[in-house]
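Each chain, letter by letter, is given below.
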Amino acid sequence: MGAAEPDLYRDTWVRYLGYANEVGESFRALVPVPVVWASYGVATAYVTADAIDKGRKAATVSATPCLPHPPHPTAPPLTPVSPQAHAQDPTRVGVAVVDTFVWQGLASVAIPGFTINRLCTASLALLGTLTRWPLPLRRWATTALGLAAIPLIITPIDRTVDFLMDSSLRKLYGTPGEPSKPH
């Protein structure tokens, strides 16, 4: 049997589009503000596309109960069914879309964008106070710090959002721990 199909939004280069706003925030001291806002547009498009994708997948998952793995050799293979087959269960699709959109919105856009913004703002102010570096050098140093911080903040933010979602919204619909992969 073959491996599971890779998730376009989590297992390929496309997932790096979710980092666009962190990169934009890192460069805020060097680029016009509309460039930063455009980076949020890219990240938000990524989040929206991932949520739609998860909704489509939820709509096409077979309602057949899980079979033991490996399935019995004479059992018919499970195949995705048309979205119309789950017309009676729109909750499955809604939960998938809302959970993904809220999780990604927090873990990929809102919290990391705020974190990098505050880090870069504070570092630019501190460099202005503590050094005699010229402004262009302080701006580049701030940008470098912001870019360097991105890989360090991802996992703690993802785990925090998992905890927040598991402690609140997911209690309403009973699916703890998803999505568990980082953006």
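No experiment lies behind these values; they were computed from the predicted model shown.

**What about helix 3 (residues 90-130)?**
Phase 1: With 41 residues, helix 3 extends 57 Å from end C-alpha to end C-alpha; this agrees with the ideal 60 Å at 1.5 Å per step.
Phase 2: L106 marks the point of greatest bend in helix 3, at about 40°.

**Examining a nonpolar patch on the surface**
Phase 1: Together, W13, Y16, L17 and V42 give the surface a local cluster of nonpolar side chains, amounting to about 440 Å² of exposed area.
Phase 2: Relative to the helices and strands, V42 resides in helix 2 (residues 33-60).
Phase 3: Using a relative accessible area of 37% as the deciding quantity, one classes V42 as partly exposed.

**Digging into the packing of aromatic side chains**
Phase 1: Inspection of every chain in the model, using the stated rule, returns 3 aromatic pairs.
Phase 2: With 5.8 Å between their ring centres and 35° between their planes, Y16 and Y19 make a pair best called tilted.
Phase 3: By relative accessible area, which is 49% here, Y16 ends up partly exposed.
Phase 4: According to the relative accessible area criterion, Y19 is buried, its value standing at 10%.

**Brief notes about the packing of helix 2 against helix 3**
Phase 1: Packing of helix 2 against helix 3 brings their axes to within 8 Å, and their N-to-C directions diverge by 160°. By the criterion of interaxial angle, the relationship of helix 2 to helix 3 is roughly antiparallel. Regarding helix 2 and helix 3, the two cross each other, and that crossing is right-handed. Contact residues: helix 2 offers Y40, A43, T44, Y46, V47, T48, D50, A51, K54, G55, A58 and A59, while helix 3 offers R92, V93, A96, V97, T100, F101, Q104, G105, S108, V109, G113 and F114.

**Comments concerning the packing of helix 3 against helix 4 (residues 135-167)**
Phase 1: Packing of helix 3 against helix 4 brings their axes to within 8 Å, and their N-to-C directions diverge by 145°. When the axes of helix 3 and helix 4 are compared, the crossing they make is right-handed.

**Comments concerning the side chain of S108**
Phase 1: One can find S108 in helix 3.
Phase 2: Within the structure, S108 has its side chain in polar contact with the side chain of Q104 (distance 2.5 Å).

**A look at the pattern of salt bridges**
Phase 1: Applying the stated rule across the entire model yields 10 salt bridges.
Phase 2: Note that R170 and D99 form a salt bridge whose closest N and O atoms lie 2.8 Å from each other. Taken as a pair, R170 in helix 5 (residues 169-173) and D99 in helix 3 lie far apart in primary sequence, 71 residues in all.
Phase 3: On the basis of relative accessible area, R170 is assigned to the buried category, the value being 1%.
Phase 4: Between D162 and R159 there is a salt bridge, and its shortest N-O distance comes to 2.7 Å. Placement of both D162 and R159 in helix 4 is noted, with a separation of 3 residues, approximately one turn of the helix.
Phase 5: In the salt-bridge network here, residues are joined through shared partners; they are D7, R10, D50, D53, K54 and K57.

**Structural notes on helix 4**
Phase 1: Taking 1.5 Å as the rise per residue, helix 4 with 33 residues should run 48 Å; its terminal C-alpha atoms sit 44 Å apart, in good agreement.
Phase 2: At I153, helix 4 shows its strongest bend, of approximately 40°, with the proline P156 following within four residues.

**Focus: the confidence of the model for the protein chain**
Phase 1: Averaged over all residues, the pLDDT of the protein chain equals 84, while 79% of them reach at least 70.
Phase 2: Helix 1 (residues 20-26) holds the highest mean pLDDT among the elements of the protein chain, 98, whereas helix 5 holds the lowest, 89.

Calculation criteria
Numbers given for residues are sequential positions, taken from 1 along each chain in its written order. Only residues with pLDDT of 70 or above have their local features reported here, since the model is predicted, and side-chain atom pairs are shown and tallied only from 80 upward, although totals for entire chains, interfaces and linings are computed over all residues. With hydrogens and water excluded, all non-hydrogen atoms of the structure serve as input to the side-chain values. A run of H or I in DSSP counts as a helix once it spans at least four residues, and a run of E counts as a strand once it spans at least two, with each numbered from the N terminus. What a helix should span is 1.5 Å times the count of its residues minus one. Across the chain, bend at a residue is computed as the angle between axes fitted to the seven residues ending at that point and the seven starting from it. Think of a patch as exposed residues, more than 30% relative accessible area, with no salt bridge, where like charges cluster within 9 Å and nonpolar side chains (Val, Leu, Ile, Met, Phe, Trp, Tyr) cluster within 5 Å. The Shrake-Rupley method, run with a 1.4 Å probe sphere, supplies the accessible areas, and residue values consider only the shown protein chains as cover. The term salt bridge refers to a pairing of a side-chain nitrogen on Lys or Arg with a carboxyl oxygen on Asp or Glu at a separation within 4 Å. The rule is simple: take the accessible area with a 1.4 Å probe, protein chains only, and divide by the maximum for that residue type; under 20% is buried, over 50% is exposed, in between is partly exposed. Only centres within 6.5 Å qualify two rings of Phe, Tyr or Trp (six-membered ring in Trp) as a pair; their planes then separate them into stacked at under 30 degrees, edge-to-face at over 60, and tilted for everything else. Angles shown run from 0 to 180 degrees and are taken between the N-to-C directions of axes, each axis being a line fitted to C-alpha atoms and, for helices, limited to the stretch in contact. Here the angle decides the label: under 35 degrees means roughly parallel, over 145 means roughly antiparallel, 65 to 115 means roughly perpendicular, and every other value means oblique. By convention, the crossing between two helices is left-handed when the near helix turns anticlockwise from the far helix through less than a right angle, and right-handed when the turn is clockwise. By the convention used here, residues are in contact when the closest approach between their heavy atoms is within 4.5 Å. Throughout this description, a polar contact denotes any pair of N or O atoms lying within 3.5 Å of each other; where both atoms belong to protein, one of them has to be capable of donating a hydrogen while the other can accept it, and for residues adjacent in sequence the pair is counted only when both atoms sit in side chains. Per residue, pLDDT captures the predictor's confidence, and it can take any value from 0 to 100.

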